[in-house]
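Residue-level structure breakdown
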Amino acid sequence: MYSLNEVSLLPSMHPVNINHRSEVNPFDENGKLPVFVSPMTCIINDDNYKLFKDSKFIPIVPRNIMPNYITPNDWIACSLQDFEEVFMKYDLDELHILIDIANGHMERLYKVVKEAKSKFPDLKLMIGNIAHPQMYIECFLAGADYVRVGIGGGGACSTSCKTGVHCSHEYMLRGIRSARAAINSNRAPKVIIDGGIDTYDKAIKCLALGADYVMMGKMFAKCQEACGYIVQKLPNKRAYYGMASEEGQKDLYGKIIRPSEGIKTTVLVDTNLHKLETEFEAALRSAMSYTGCKTLEEFRKNVEWEYQTISEFNSYYK
């Protein structure tokens, strides 16, 4: 396994027919940047959801809120139990739902997905999280539309250090590329790399290695628009915590229901949504122009990369 820090993208080996980065298209089919906002209660609530919705990013409504301005194409998160007991009782066609659970390796999840997709063929379902490349094929067979990839890598997640379960994003993407080639289907689920994507270059590397999207939490928690509370005596610091932490469990359930697999920390509030989307878009456009890719589809399939030592990695961070 290699981390994203040990991967370096290579520019095109041929002269590229791109005169300016404005000629490339860094957006998906809906005109959004390929970035999901993690459905964390320290980032999004019913007061600021519309601000995130109106940005170039793709927010997911956390499990404990339901803003009044939800439309069928918006992403909403729910627990597996709520999906089984509540959501399945309604017409789900044309909705976009994330079944938001930490362990995407449960057989129960795949049975529910198959049932839901058979009843509601137009339902868009995002599932996960998975941390073995073979599970991507199971997601495909179940009928999932999107799959979150990554366990334990988030900055506010302590699953790996408590359980020993972990799989690097580079390893997962390498395996999923092979799985996609074997499937060779237009119905193959879109891949969302989730956890620890806290810099522009990590996000861009994931896209170049084959991800359709990345999901970020900490980068958005640092925005002025995020809803996390300001830490007392630290006016520029905001609380940041995972949903499996004690703080996250209180938000979701009103109490602590299990031992924590997340932490609470602080982040510096030093940016805003407009600045974040402007800088990320510029960085992605530039990467695409260096590698001779005019579309995200080309970028996912055609970019070459090499492994590098940590000392070489340290030389490019200034």
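Residues numbered from 1 in each chain as written. Predicted model: local features only at pLDDT ≥ 70, side-chain atom pairs only at ≥ 80, totals over all residues. Heavy atoms only, no water.

Regarding the environment of A142
Position of A142 relative to the elements: it lies in helix α4 (residues 134-142). Since its relative accessible area comes to 5%, A142 is described here as buried. With near-sequence residues (within four places) excluded, A142 lies in contact with Y110, V113, K114 and K117. (Helix = DSSP H or I, 4+ residues; strand = E, 2+ residues; numbered from the N terminus. Buried < 20%, exposed > 50% of the residue type's maximum accessible area, 1.4 Å probe, protein only. Contact = heavy atoms within 4.5 Å.)

Considerations on the packing of helix α3 (residues 107-119) against α4
How two helices pack is summed up by the angle between their axes together with the distance between the axes. Their axes nearest at 8 Å, the elements α3 and α4 cross at an angle of 30°. Accordingly, the angle class assigned to the pair α3 and α4 is roughly parallel. Along the contact surface, α3 presents Y110, V113, K114 and K117, while α4 presents M135, E138, C139, L141 and A142. The residue makeup of the contact of α3 with α4, split by class, is six nonpolar, no polar and three charged. (Axes fitted to C-alpha atoms, helices over the stretch in contact; angles between N-to-C directions. Parallel < 35°, antiparallel > 145°, perpendicular 65-115°, else oblique. Nonpolar A, V, L, I, M, F, W, Y, C, P; charged D, E, K, R; others polar.)

Quick notes on the packing of α4 against helix α6 (residues 169-183)
Relative to each other, α4 and α6 sit at 40°, their axes nearing to 8 Å. As summarised for this structure, α4 and α6 are arranged oblique, according to the angle between their axes. Considering only the axes of α4 and α6, their crossing is right-handed. Contacts between α4 and α6 involve Y136, I137 and F140 from the former and I176, A179, R180 and I183 from the latter. Grouping the constituent residues of the contact of α4 with α6 by class yields six nonpolar, no polar and one charged. (Left-handed = near helix turned anticlockwise from the far one by under 90°.)

As for the packing of aromatic side chains
Under the counting rule described, the total for this entry stands at ten aromatic pairs. Arranged with centres 6.2 Å apart and planes meeting at 65°, the rings of F52 and F220 form a pair that is edge-to-face. Separated by 168 residues along the polypeptide, F52 in helix α1 (residues 49-53) and F220 in helix α8 (residues 218-221) bring together distant segments of the chain. Take F52 and F220: they sit in the same class, and that class is buried. Grouped by ring-pair contacts, the aromatic residues F36, W75, Y146 and Y213 constitute a single cluster. (Phe/Tyr/Trp six-rings, centres within 6.5 Å; stacked < 30°, edge-to-face > 60°.)

Comments concerning unusual backbone geometry
In this structure, the amide linkage connecting G128 to the following residue, N129, adopts the cis form with an omega of -5°. Along the polypeptide, N129 turns up in strand β6 (residues 124-130). Look at N184: it is not a glycine, yet its phi comes out positive at around 50°. By the element assignment, N184 lies in the loop between α6 and β8 (190-194).

Geometric values such as these leave the question of function open.
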